[in-house]
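Residue-level listing of the chains:
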Amino acid sequence: LQETLMGKYGEEAKLIYELQDQGGELLALRYDLTVPFARYLAMNKITNMKRYHVAKVYRRDNPATTRGRYREFYQCDFDIAGQFDPMIPDAECLKIVHEILSDLQLGDFLIKVNDRRVLNGVFAVCGIPESKFLTTCSTVDKLDKMPWEDVKNEMVGEKGLSPEAADRIGEYVQLHGGLDLIERLLQDPKLSQNKLAKEGLGDMKLLFEYLTLFGITGKISFDLSLARGLDYYTGVIFEAVLLQQENDHVEESVSVGSVAGGGRYDGLVGMFDPKGRKVPCVGVSIGIERIFSILEQKVKASGEKLRTTETQVLVATPQKHLVAARLKLISELWDAGIKAEMFYKKDPKLLKQLQYCEDTGIPLAAIVGEQELADGVVKLRDVATRQEVRM
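Remember, it's a predicted structure, so these values are computed and weren't measured experimentally. Each chain has its residues counted from 1, running along the sequence as written. Where local features are concerned, this predicted model is filtered to residues with pLDDT of at least 70; where side-chain atom pairs are given and counted, the filter is 80 or more; whole-chain, interface and lining totals use all residues. For the side-chain quantities, the full set of heavy atoms in the structure was used; hydrogens and water were omitted.

Time to look at the sheet that holds strand β11 (residues 313-316). Here, strands pair whenever DSSP counts at least two bridges between them. Numbering of helices and strands starts at the N terminus; helices are DSSP runs of H or I of at least 4 residues and strands are runs of E of at least 2. On the basis of which strands lie adjacent, the open sheet formed by five strands has the order β12-β11-β13-β14-β15 and mixed pairing. The two strands at the open ends of the sheet, each matched to only one other strand, are β12 (340-342) and β15 (388-390). For this sheet, the mean angle separating the axes of adjacent strands, direction not counted, is 25°. Direction of pairing for strand β14 (residues 379-382) relative to β15: antiparallel, over a ladder of three bridges. When the bridges of β15 are listed, Arg 381 appears paired with Glu 388. For helices, the fitted axis covers only the stretch in contact; all axes are lines through C-alpha atoms, and the angles between them, taken along N-to-C directions, range from 0 to 180 degrees.

What follows is about the UniProt feature "binding site: L-histidine" (unreviewed entry) in the protein chain. UniProt positions are given in the numbering used here, feature names are shortened, and annotations may be inferred rather than shown by experiment. Under the UniProt annotation, the feature "binding site: L-histidine" (unreviewed entry) is placed at Asp 32, Leu 33, Thr 34, Arg 59, Gln 75, Asp 79, Arg 228, Tyr 232 and Tyr 233. Relative to the helices and strands, Asp 32 resides in the loop between β2 (26-28) and α2 (34-43). For every residue, the accessible area (1.4 Å probe, protein chains only) is compared with the maximum for its type, and the residue is labelled buried under 20%, exposed over 50%, or partly exposed between those bounds. In this structure Asp 32 comes out as buried when scored by relative accessible area, which is 3%. In this structure the side chain of Asp 32 is engaged in a polar contact, spanning 2.8 Å, whose partner is the side chain of Tyr 9. Mapped onto the elements of the fold, Arg 228 is located in the loop between β7 (220-223) and β8 (236-242). Not counting residues up to four positions away in its chain, the partners in contact with Arg 228 are Arg 116, Asp 141, Tyr 233, Ile 237, Phe 238, Glu 239, Gly 261 and Gly 262. What qualifies as a polar contact is a pair of N or O atoms within 3.5 Å, subject to a donor-acceptor requirement within protein and to the restriction that residues adjacent in sequence count only when both atoms come from side chains. Contacts were defined at the residue level, with two residues in contact if any of their heavy atoms lie within 4.5 Å.

So, on to the packing of aromatic side chains. Within 6.5 Å between ring centres, the rings of Phe, Tyr and Trp (the latter by its six-membered ring) count as paired, and their orientation is classed by plane angle as stacked under 30 degrees, edge-to-face over 60, tilted in between. The final tally for this structure, using the stated rule, is six aromatic pairs. Summarising the aromatic geometry, the rings of Tyr 9 and Tyr 31 are spaced 4.5 Å apart at their centres and angled 45° between planes, so their arrangement reads as tilted. Of the two residues, Tyr 9 sits in the loop between α1 (2-5) and β1 (18-20) while Tyr 31 sits in the loop between β2 and α2, which places them 22 residues apart along the sequence. Of the two residues, Tyr 9 and Tyr 31, both sit in the buried class. When the centroid spacing of 5.4 Å and the interplanar angle of 85° are considered together, the rings of Phe 343 and Tyr 356 count as edge-to-face.

Listed below in structure tokens is the structure:
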């Protein structure tokens, strides 16, 4: 239902695909996997769950296909729902992102971490009214794409903040670091007076201690400019970005930016529960197409050939009128669980069939000609070495 999605995404709501069914019911295509997950938990009264989900989502955005940005795309989400002690599941989510990005060998990456409470605390001590927290948030979120001057202009020009307040925000949101920065901010005369910021920084400190135990702090940065545009985050937020290699001779388009993001959303399930029962949740979402576009560019640059199938053997025939022999043989191979292919032509040329094996990297060809049929054998050819054995 359209109302399921409304009021959860803030300024990004304009990117939701809305539609009407035959009965005039107002529907919408899902924008992410998080809101449907929260609705599912509430509907089924589930208070404890850990799950992953890979599925399509839809955004009425301007596509940039070269960078792996589409209107219909896959996300892979991992979420932990339930009442637990602070920062333990949050640390695990970050560990998972770190593990996935390391295993995929996409190159150097950085996971930026922040906390909505710290940001809201910063806004409060800079004199921003609470009613403007969320819109200020979505402007700060653009700092990775635009210089501070442009962000400040948007705050003052479009969001109606005073230039002084914007400058005060600027002093904070341009900071990034690790435990040392968290300690420094805990001592900050203004921030330490703010209850929200203090809570958030305390949790950040705990999180970084856990991440140190996981041995992954080298790739993690506490970054005050990270805001994430979505409204439903309540605590920790994070985003993984790929870093451009300096000496690469690859075109500019490789810097794909964000490949994963997530955070804590403790209020979302309660929005769907008729009694408002809350289930704290933390999760992470990985953009699959974005990762594909990087992997594709890497393969292209390296010039190596990637196999697109797992076919083990091509069933081939050297003469005409042997389609029956191929069908019988391939059926036996399929039944035995062997990955086999054949040409869908009645009388293909042998050279064409062998060439196809070379092009697609199929290692073996099983050849049945008139002679083989008469002798009750199959000729197995190793495509790369061109050696043949009769079996």
